[in-house]
Amino acid sequence: MLFRSPPAAEQSKTALPHVQRTQRPYLRDKEVWQKAQPAHLQNLKNPLAERRWGVYKGDLEQTWRAYESAGGDTKRLLGKIALRPKSLWLGDWSGSPEQIGSVVREYVENASGGDPKVLVQLAIFRMDPWEHAVCGGRAPSRGGQDTYRRWIANAARALGRQHTAIILQPDLPFWWCSNRAVTSSLITYAVKTFAAQPNTSVYLDAGAADWSSTPQVGAPRASQAADLLMANGIAEARGFALNATHYVGTEESVAYGAELVRILRERGVKGVHFVVDTAQNGNGMTWPEVEAQGSRVNDNARVCGSTSDRRGCVTLGIPPTSRVGDERWGLSKQTSREAKQYVDGFLWYARPWLFMQANWKGADRAIGMARSTGWFAP
């Protein structure tokens, strides 16, 4: 869905497919939805630490419905996804400005169990038109801009004092081909409005470590991502988000994010942190390395099979956590050090188990990823 990277011959290979070895959590550790995880000393003000993360168990989450109705080994496999904290995507399909407040409140109540200290997560994808439609020259009308602002205001108001992580506008790099002045005014409004809630942390989408803004640009440049973030309100946000629709490995994503933090600091925006999506990078790969399935486009990567069949396929990555620097993830010393300092969490806001990362076509993709991942089950 993002502007994609240039052909493999034009791109530096920063991530090669690999098999993540099976790891077990330390006996003293429970997953973040079971027990609050302490903050790393290098990031003591991490808003995602020191609290449990809520798991939504309702009709808006397709894997939950499938999990509830399954049995035996299928239920066990689906539990690897359904039982873990994830971001619910909300957009214009979720209701009008007058309806979205009740949708958000019902979601928060379900995911948090009524406890405002529990972290809930949302991916806000409300720009309309967006993606390829906006690149075709369309832009929101004045009425559409007003509707956007009212929708955002009502959604934010519904969060109240709930501890919330917002991934704002996945696929934000489409900003490059939009009416940038209009887009930036709306996105910046959303950043400020959500961030004004007392316990809401906003992470502005910054693409992925293998992304570049145009096919004419060679290797991805963090400076371009910094341009994107500076134009869309990063100074008002907690930070940025990486890897929403791509499959880049965790090592490469953390290194890229740390570079982007340093560039933003040089431009006067200090104290920025970021989150990395790990839902679909258990077999980390760059965009040209993806082997597509079904639709033959990379949004629908082939699901990994046996451990000897790992070329260009997708499987689940590191489970959601705020303990990003723990040894159990098998990260290098440098990556672990940078993660402890700059990364608030490894989150699951991508949805690789959906067809084209967007539509439920049955449980086969989810079951395949759960079966092929090397990471432990809940």
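The model shown is predicted, which means the values in this text are computed figures rather than measured ones.

Draft legend 1. Structural detail: the sheet that holds strand β6 (residues 273-277). In spatial order, the strands read β1-β2-β3-β4-β5-β6-β7; together these 7 strands make up an open sheet with parallel pairing. Looking at the sheet topology across the chains shown, the edges are occupied by β1 (88-90) and β7 (343-347). Averaged over all neighbouring strand pairs, the angle between strand axes comes to 25°, with direction disregarded. As paired strands, β1 and strand β2 (residues 120-124) are joined by 3 bridges and run parallel to one another. Bridging from a neighbouring strand, Trp-89 pairs with Ala-123 of β2. Contacts between helix α9 (residues 333-342) and the sheet are confined to β6 and β7, with β7 contributing the most and set at about 105° to the helix.

Draft legend 2. Expanded view of helix α7 (residues 222-231). Every buried residue belonging to α7 is among Ala-222, Gln-224, Ala-225, Ala-226, Leu-228 and Leu-229, and all of these are buried. Buried residues belonging to α7 abut β4 (200-205), β5 (239-242) and α8 (250-266). Positive backbone phi, at 95°, marks Gly-233, one or two positions downstream of α7.

Draft legend 3. Just the packing of α7 against α8, in detail. For the pair α7 and α8, interaxial distance at closest approach is 9 Å and the crossing angle is 60°. On the basis of the axis angle, α7 is oblique to α8. Of the two possible hands of crossing, α7 and α8 adopt the one that is right-handed. Counting all contacts with α7, which are made through Ala-222, Ser-223, Ala-225, Ala-226, Leu-229 and Met-230, the residues of α8 involved are Tyr-256, Glu-259, Leu-260, Ile-263 and Leu-264.

Draft legend 4. The arrangement of the pairing of β7 in detail. Of all 5 residues making up β7, 5 are buried, and the element is well covered by its neighbours. With 4 bridges joining them, β6 and β7 adopt parallel strand pairing. Residue pairing across strands places Val-275 opposite Gly-345, the latter belonging to β7.

Draft legend 5. Looking closely at the packing of aromatic side chains. Counted under the stated rule, the structure contains 11 aromatic pairs. Ring geometry for Trp-348 versus Trp-353: centroids 6.1 Å apart, planes at 50°, classification tilted. Considered together, Trp-348 and Trp-353 belong to a single accessibility category, that of buried residues. Ring-pair connections join several aromatic residues into one group, and the members of that group are Trp-89, Trp-93 and Phe-125. Here the guanidinium or amino end of Lys-75 rests over the ring plane of Tyr-67, the centre of that ring lying 4.1 Å away. The ring of Trp-89 has Arg-351 sitting right over it, with the charged end atom 3.9 Å from the ring centre.

Rules used throughout
Residues numbered from 1 in each chain as written. Predicted model: local features only at pLDDT ≥ 70, side-chain atom pairs only at ≥ 80, totals over all residues. Heavy atoms only, no water. Pairing = 2+ DSSP bridges. Helix = DSSP H or I, 4+ residues; strand = E, 2+ residues; numbered from the N terminus. Axes fitted to C-alpha atoms, helices over the stretch in contact; angles between N-to-C directions. Contact = heavy atoms within 4.5 Å. Buried < 20%, exposed > 50% of the residue type's maximum accessible area, 1.4 Å probe, protein only. Parallel < 35°, antiparallel > 145°, perpendicular 65-115°, else oblique. Left-handed = near helix turned anticlockwise from the far one by under 90°. Phe/Tyr/Trp six-rings, centres within 6.5 Å; stacked < 30°, edge-to-face > 60°. Lys NZ or Arg CZ within 6 Å of the ring centre and 35° of its normal.

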